[in-house]
Amino acid sequence: MGGSGAQVRAVLVTVGDELLLGQTVDSNAAWLGRELAAMGIPVVRHYTVGDEVAAIQQAVEWGLDAGDLVVVSGGLGPTPDDMTRDAVADLLKRPVHIDAGLLDRLKARFAARGYELPRSNESQAKVPEGAEVLDNEVGTAPGLVFDTERGVVVLLPGPPRELKALFTGHVVRVLRRRFGDALPPVHHRVIHTTGIAESALTEEVESLLPANRGPVRIAYLPDLRGVDLRLTVSGLPEEEARAWLERVETAILPAVRPWRFDASSGDLAEAVLTLLRQRRMSLATAESCTGGLVAKRLTDHAGSSDVFVGGVVAYANELKVSELEVDPGVIERAGAVSEEVASAMAKGVAARLGAEAGIGVTGIAGPGGGTVEKPVGTVWMAAAIEGKVRTRLERFVGGRAAVRERAAQACLALLLRSVETMTEPPG
Ligand code: ATP
Ligand code: MG
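Per-chain numbering applies: the sequence of each chain, read as written, is numbered from 1 onward. Think of it this way: whatever chain is written first is A, whatever ligand is written first is 1, and the rest follow in order. Per-residue local features of the predicted model are confined to residues with pLDDT of at least 70, and side-chain atom pairs are confined, for both listing and counting, to 80 or more; whole-chain, interface and lining totals are unaffected and use all residues. Side-chain measures were taken over the full set of non-hydrogen atoms in the model, leaving aside hydrogen atoms and water.

A.B. asks: I tried to follow the site of ligand 1 on my own but got confused; where do I start?
C.D. replies: Any residue with a heavy atom lying within 4 Å of a molecule or strand is counted as near it. Around ligand 1, the structure places 20 residues, and the nearest of them are Asp26, Leu76, Gly77, Asp82 and Gly158. By the criterion applied in these results, polar contacts are pairs of N or O atoms within 3.5 Å in which, for protein atoms, one can donate a hydrogen and the other can accept it, and in which residues neighboring in sequence qualify only through two side-chain atoms. Take Asp26: an N or O atom from its side chain is 2.7 Å from a nitrogen atom of ligand 1. At 2.8 Å, a side-chain N or O of Asp82 approaches an oxygen atom of ligand 1. Here the accessible surface of atoms and residues is derived via Shrake-Rupley with a 1.4 Å probe, and residues count as covered only by protein chains that are part of the display. Contact with the protein chains removes 76% of the 600 Å² of surface that ligand 1 exposes when unbound.

Following this line, the structure appears as structure tokens:
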């Protein structure tokens, strides 16, 4: 690897009784494993321990034996079951003292919201000697970094949102500074896709890969909404890496083109908003089985108001008639979950709310309500664009939450593809 020294190896320690009891799924370990690997630091072991001083110390001790970096998550809060900081400080023989600056910052943070710092939170200003404090902008427990002769120990809070913010905001920089020379330079390219299953995408992409893909590694990262393809080159200088990424991306383009979308957040809703903004079109939504999920996805993005005018959650048939101008005869004849109704909902909501584009979605999210002809997971979707409608039928698998999530995503995809092909950029 570029002739540099030995590879840096990480050990994860996740702390919490709830992880052992199965009340919380250990998403932190999965996330950290991916992020560290992407930096060129493989995770070689992972321990999960309960809220118990001796167990935490034992795991960190083992971690320092097996790796150069130990990342601990959880147990940094203000309550008596949070003992990670003191346990690790004790293990590494670092006396703990109150950090005046940190205490002031915590007090200021509470004061800004009109509260006094509760006594129990004062413990979060306790810093072990020589530890680097990582400011937590989204919570109260700061991260801590111990640089010892045996390796680096990083303590991060358990709430996933805080852990991620601290890791991306601070830990990456600390690790680059500390291990920089031993870390291979890593270059990525992420291609977002939706509407194609991982297995099918893998097959198509692999069939197009050039025989010599050189140093490019491909990861398929699926979730309910789609599959991200991550191309990675590590250990090569920037220009060479870029050329390899370019070459492989160009080769696989025909396989991904129909499914691909671009969005810096990775969210299809962002791609929809960007495209509609370009085309100077506004959007309204009419949702039945998704209960507003499509509208939620759109409004998750700041600034969506210049495109998204609003939506109607029309669960009851009467509402589809009274608010969306769906013909009651059509509901009677074709059923509420039908192409005709989805289509009428999309057109109706665009007309009622005065938007150029409309989305309609109606389906059977389950677990009840399915029939032989229309089993659970049957969803009709429609995109209306300036009066013309495109529809789509899907039979989604999975439980209620999965069906709804997939349906919302598929609606957004249908709209995106329809706008792409049915309209022109303004001249
Ligand atoms: P807090 O200040 O909230 O107490 P903390 O650093 O003490 O933070 P914990 O008390 O261990 O962290 O966990 C806080 C929350 O984060 C809990 O809801 C817990 O279920 C969740 N959590 C903890 N560890 C993990 C993990 N490994 N994966 C996913 N969620 C986790
Ligand atoms: Mg806690």
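Read on for the rest.
A.B. asks: Would you mind going over the nonpolar core with me for this structure?
C.D. replies: Most often, soluble globular proteins keep nonpolar side chains buried together rather than apart. The biggest cluster of nonpolar side chains holds 38 residues, and the ones touching the most others in it are Leu283, Leu298 and Leu415. Numbering of helices and strands starts at the N terminus; helices are DSSP runs of H or I of at least 4 residues and strands are runs of E of at least 2. Sorting the residues of this core by element identifies helix 10 (268-278), helix 11 (293-299), strand 15 (357-363), strand 16 (378-385) and helix 15 (400-422) as the ones contributing at least two each. With 11 residues, helix 15 is the largest single contributor of residues to this core. Not counting residues up to four positions away in its chain, the partners in contact with Leu298 are Ala269, Val272, Leu273, Leu283, Thr285, Ser304, Phe308 and Leu412. Take the buried Ala, Val, Leu, Ile, Met, Phe, Trp, Tyr and Cys residues and link them wherever side-chain atoms come within 4.5 Å; each set so joined is a nonpolar core. Under the scheme applied here, a residue whose accessible area is under 20% of the maximum for its type counts as buried, over 50% as exposed, and between as partly exposed, the area being computed with a 1.4 Å probe on protein chains only. Pairs of residues are marked as contacts when any of their non-hydrogen atoms sit within 4.5 Å.

A.B. asks: Honestly, the layout of surface pockets in this entry has me stumped. Any pointers?
C.D. replies: Empty space among the atoms can be located by rolling a probe the size of a water molecule over them. With a 1 Å grid laid over protein atoms only, a set of points is called a cavity when a 1.4 Å probe fits there but cannot get out and a pocket when it is open yet has protein on both sides within 12 Å along at least five of seven lines; lining residues have an atom within 4 Å of a point. Grid points are joined across faces, edges and corners, and a volume is the space filled by probe spheres set on the points. Estimates place the volume of the largest pocket at around 570 Å³. Forming the boundary of the largest pocket are 24 residues, of which His192, Asp223, Asp228, Ser265 and Gly266 lie nearest the centre. Contributing elements (two or more residues each) for the lining of the largest pocket: helix 2 (27-38), strand 9 (186-193), strand 10 (217-223) and strand 11 (226-234). Gly is put with the polar residues, along with every residue not named as nonpolar or charged; the nonpolar set is Ala, Val, Leu, Ile, Met, Phe, Trp, Tyr, Cys and Pro, and the charged set is Asp, Glu, Lys and Arg. In terms of residue class, the lining of the largest pocket is built from 7 nonpolar, 9 polar and 8 charged. Estimates place the volume of the second largest pocket at around 470 Å³.

A.B. asks: Is there a simple way to explain the side chain of Arg297 in this structure?
C.D. replies: Positionally, Arg297 belongs in helix 11. By relative accessible area, Arg297 is classed as buried at 1%. A polar atom in the side chain of Arg297 sits 2.7 Å from the side chain of Gln409. With near-sequence residues (within four places) excluded, Arg297 lies in contact with Arg225, Asp267, Leu268, Ala269, Glu405, Ala408, Gln409 and Leu412.

A.B. asks: Sorry if this is basic, but what is going on with the packing of aromatic side chains here?
C.D. replies: Between the rings of Phe, Tyr and Trp (Trp by its six-membered ring), a pair exists once the centres lie within 6.5 Å; its type follows the angle of the planes, with under 30 degrees stacked, over 60 edge-to-face, and the other angles tilted. What the rule picks out here adds up to 2 aromatic pairs. For the ring pair Trp31 and Phe167, a centre distance of 5.6 Å and an interplane angle of 85° mean the geometry is edge-to-face. Within this pair, whereas Trp31 is found in helix 2, its partner Phe167 is found in helix 7 (residues 160-179), the two being separated by 136 residues in sequence. Its relative accessible area of 12% is what places Trp31 among the buried residues. With a centroid separation of 5.4 Å and an interplanar angle of 45°, the aromatic rings of Tyr47 and Trp62 are classed as tilted. Separated by 15 residues along the polypeptide, Tyr47 in strand 2 (residues 43-49) and Trp62 in helix 3 (residues 53-66) bring together distant segments of the chain. In this structure, Arg113 is placed above the aromatic ring of Phe110, and the distance from its NZ or CZ to the ring centre is 5.8 Å. When the NZ atom of lysine or the CZ atom of arginine is within 6 Å of a ring's centre and also within 35 degrees of its normal, the charge is said to sit over that ring.

A.B. asks: Is there a simple way to explain the coordination of the magnesium ion (ligand 2) in this structure?
C.D. replies: For a metal with four tetrahedral donors the ideal donor-metal-donor angle is 109.5 degrees, whereas six octahedral donors ideally subtend 90 or 180 degrees. A donor here means an N, O or S atom no more than 2.8 Å from the metal, or no more than 3.2 Å when the metal is Na, K or Ca. Since water is not included, a site may seem to lack partners. Note on the magnesium ion (ligand 2): its protein donors are Asp82 (OD) and Asp82 (OD). The metal-donor distances range over 2.3 to 2.8 Å. Tracing the backbone through its elements, the reader meets Asp82 in the loop between strand 3 (69-73) and helix 4 (84-91).

A.B. asks: Is there a simple way to think about unusual backbone geometry in this case?
C.D. replies: When glycine is set aside, most residues are seen to have a negative phi, and most peptide bonds are trans. Residue Gly366 is joined to Pro367 through a cis peptide bond whose omega torsion reads 0°. Of note, Pro367 is situated in the loop between strand 15 and strand 16. For Lys93, which is not a glycine, the phi torsion comes out positive at approximately 55°. Tracing the chain through its elements places Lys93 in the loop between helix 4 and strand 4 (96-98). Located in the positive-phi region is Arg280, a residue other than glycine, with phi close to 55°. Position of Arg280 among the secondary structure elements: in the loop between helix 10 and strand 13 (283-287). Arg280 gets classed as exposed once you look at its relative accessible area, which sits at 65%.

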